[in-house]
Amino acid sequence: MNETFSVIHNRRSTRKYADTPITAEEKDAILNATMRAPTAGNMMLYTIIEVEDQSLKDRLAVSCDNQPFIASAPYVLLFLADYQRWVDAFDWSGAPQTCVEQGLLPRLPQEGDMMLACCDALIAAQTAVIAAESMGIGSCYIGDILENCDEHRTMFNLPRYTFPITLVCFGRPYATREHPRLIKRFDRRFVVHRDRYTQIETNEFPAMLEHAAQQFPNLQPGEAAMKAVQGIYTRKFVSDFSVEMTRSVKQWMAIWNGDQE
Ligand SMILES: Cc1cc2nc3c(=O)[nH]c(=O)nc-3n(C[C@H](O)[C@H](O)[C@H](O)COP(=O)(O)O)c2cc1C
C-alpha cells in the first residue's frame, strides 16, 4: 500500500480536536491542494469561505442541527457551489448580448448548473479533506449546512447563484478518538455493480447490514438487521433535520430559479 492509499484507508471523521491550532502554512497547503481539484470545464464553480470568526462558528454549531463540536473546530471551511462569479463575468463581458446577436437563446443558471457546481464544490472539499489528513489533520463534514437557507444566506452574505453544499471542520484529533476503530462499510459487492444496476434482493439485506446489526447481539441476524434499518429511518430519514433540509434546499432552488427573492 503506498502512502496515498494509507491516508485514504485510515481516514475517519474527527469530531474531537486537540488544542493545537492549524498554522497559516498548513491552511495554505490545504487550500493550494484544493485549488488543484478537477473542476467542470475548468470553470471552478465553487467558492470556499474560511470561517474564522468564532461568533460565526458558534452560530453554525446551533444552526447545523446543534452540533457543538463545530464551535471547537480549529479550522472551518464552507464550500459553496458558485455560479454567481460566472453570471457576473458573463454580464461584464456582454456575453448574453453577443449570444442574442448570434441567434442563440441566453439563459440563467438552473438546476443542472447548480448540480454541476455542487459536484465541483464537493470534489474540492474532499481534496481538502485528503490533503489535511495527509498532514495529520482530521476533519468532519457537516451536511446540516443544507438546512436553514435564510439564516446561512444572511450569515455569509450569499448572493443568488451560490449554494452552501457542505461545511468541513478540521483539527488534529484529540488524544482519545470518538470511535476506537474505523467504521465498517457495506461489502463492496453491494455498492459496485458491473455494466448495469442490479437491485439488491431482500434476502441479501441481513448480509449487507451485518455490521449495523451487531448493535443488537441478542437478536437473530435478520431481526437485528431490520431493527438497524428501522433506527436509520426514524433517527435520520423522517427526523426533523431531514425535513428541514428538504425545505431549505427547495428554497435555494426557488431562489436560483427566480421563484423567490
Ligand atoms: C455529506 C456528509 C455529511 C455529513 N454530515 C455530518 C454531520 O452533520 N455531523 C457529523 O458528525 N458527521 C457528518 N458526516 C460524517 C459521517 O457521519 C461519517 O463520514 C460516517 O459516519 C462514516 O464515518 P467515517 O468518516 O469515520 O468513516 C457527514 C459525512 C458526509 C459525507
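Rules of the game
- Residues numbered from 1 in each chain as written.
- Predicted model: local features only at pLDDT ≥ 70, side-chain atom pairs only at ≥ 80, totals over all residues.
- Heavy atoms only, no water.
- Helix = DSSP H or I, 4+ residues; strand = E, 2+ residues; numbered from the N terminus.
- Buried < 20%, exposed > 50% of the residue type's maximum accessible area, 1.4 Å probe, protein only.
- Contact = heavy atoms within 4.5 Å.
- Near = heavy atom within 4 Å.
- Polar contact = N/O pair within 3.5 Å; in protein donor to acceptor, adjacent residues only side chain to side chain.
- Areas by Shrake-Rupley, 256 points an atom, 1.4 Å probe, with all protein chains shown as cover.
- Nonpolar A, V, L, I, M, F, W, Y, C, P; charged D, E, K, R; others polar.
- Salt bridge = Lys/Arg side-chain N within 4 Å of Asp/Glu carboxyl O.
- pLDDT = per-residue confidence, 0-100.
- Axes fitted to C-alpha atoms, helices over the stretch in contact; angles between N-to-C directions.
- Parallel < 35°, antiparallel > 145°, perpendicular 65-115°, else oblique.

Undergrad: What is the right way to read the overall build of the protein from this model?
TA: Looking only at helices and strands, the protein has 12 helices and four strands in total. With the C-alpha coordinates of the protein rotated into their principal frame, the extents come out at 70 × 45 × 40 Å. Residues classed as buried in the protein amount to 38% of the 261 residues present. Within the protein, contacts between residues at least 6 apart in sequence are counted, and of these 79% link residues at least 24 apart.

Undergrad: Quick question: what am I supposed to make of the site of the ligand here?
TA: Residues in close proximity to the ligand total 13 residues, the closest being Ser13, Arg15, Gln67, Tyr141 and Asp144. Taking serine 13, its side chain carries an N or O atom lying 2.6 Å from an oxygen atom of the ligand. About the coverage of the ligand: the protein hides 64% of its 620 Å² of free accessible area. Of the residues forming the shell around the ligand, the biggest block, three residues, is contributed by strand 3 (residues 138–142). Of the residues in the shell around the ligand, the class split is five nonpolar, three polar and five charged.

Undergrad: What should I look at first to understand the pattern of salt bridges in this one?
TA: When charged atoms on two side chains of opposite charge get close, those side chains can pair. In the structure shown here, the tally under the stated rule is nine salt bridges. Two residues, aspartate 150 and arginine 153, come together in a salt bridge whose shortest N-O distance is 4.0 Å. Taken together, the positions of aspartate 150 and arginine 153, both in helix 8 (residues 149–155) and three residues apart, correspond to about one turn of that helix. Note that arginine 247 is salt-bridged to glutamate 244, the shortest N-O span being 2.8 Å. Taken as a pair, arginine 247 and glutamate 244 lie in helix 12 (residues 240–257) at a separation of three residues, close to a single helical turn. By sharing partners, the salt bridges in this structure join Asp187, Arg189 and Glu204 into a single network.

Undergrad: Before we go on, may I ask you to explain the confidence of the model for the protein in this structure?
TA: Where the model shows low pLDDT, its predicted coordinates should not be examined in detail. In the predicted model, the protein carries a mean pLDDT of 97, and 100% of its residues have values of at least 70. In the model of the protein, helix 10 (residues 210–213) stands out as the element of lowest mean pLDDT, 92, in contrast to strand 1 (residues 46–50), which has the highest, 99.

Undergrad: Which parts of the structure should I look at to understand the packing of helix 1 (residues 3–10) against helix 7 (residues 111–134)?
TA: The axes of two packed helices give the description: the angle between them and the distance between them. In contact at an axis separation of 10 Å, helix 1 and helix 7 are set at 105° when each is read in the N-to-C sense. By the angle between their directions, the pair helix 1 and helix 7 is classed as roughly perpendicular. On helix 7, the residues that touch Val7, Ile8 and Asn10 of helix 1 are Ile130, Glu133 and Ser134. A class-by-class count of the residues in the contact of helix 1 with helix 7 yields three nonpolar, two polar and one charged.

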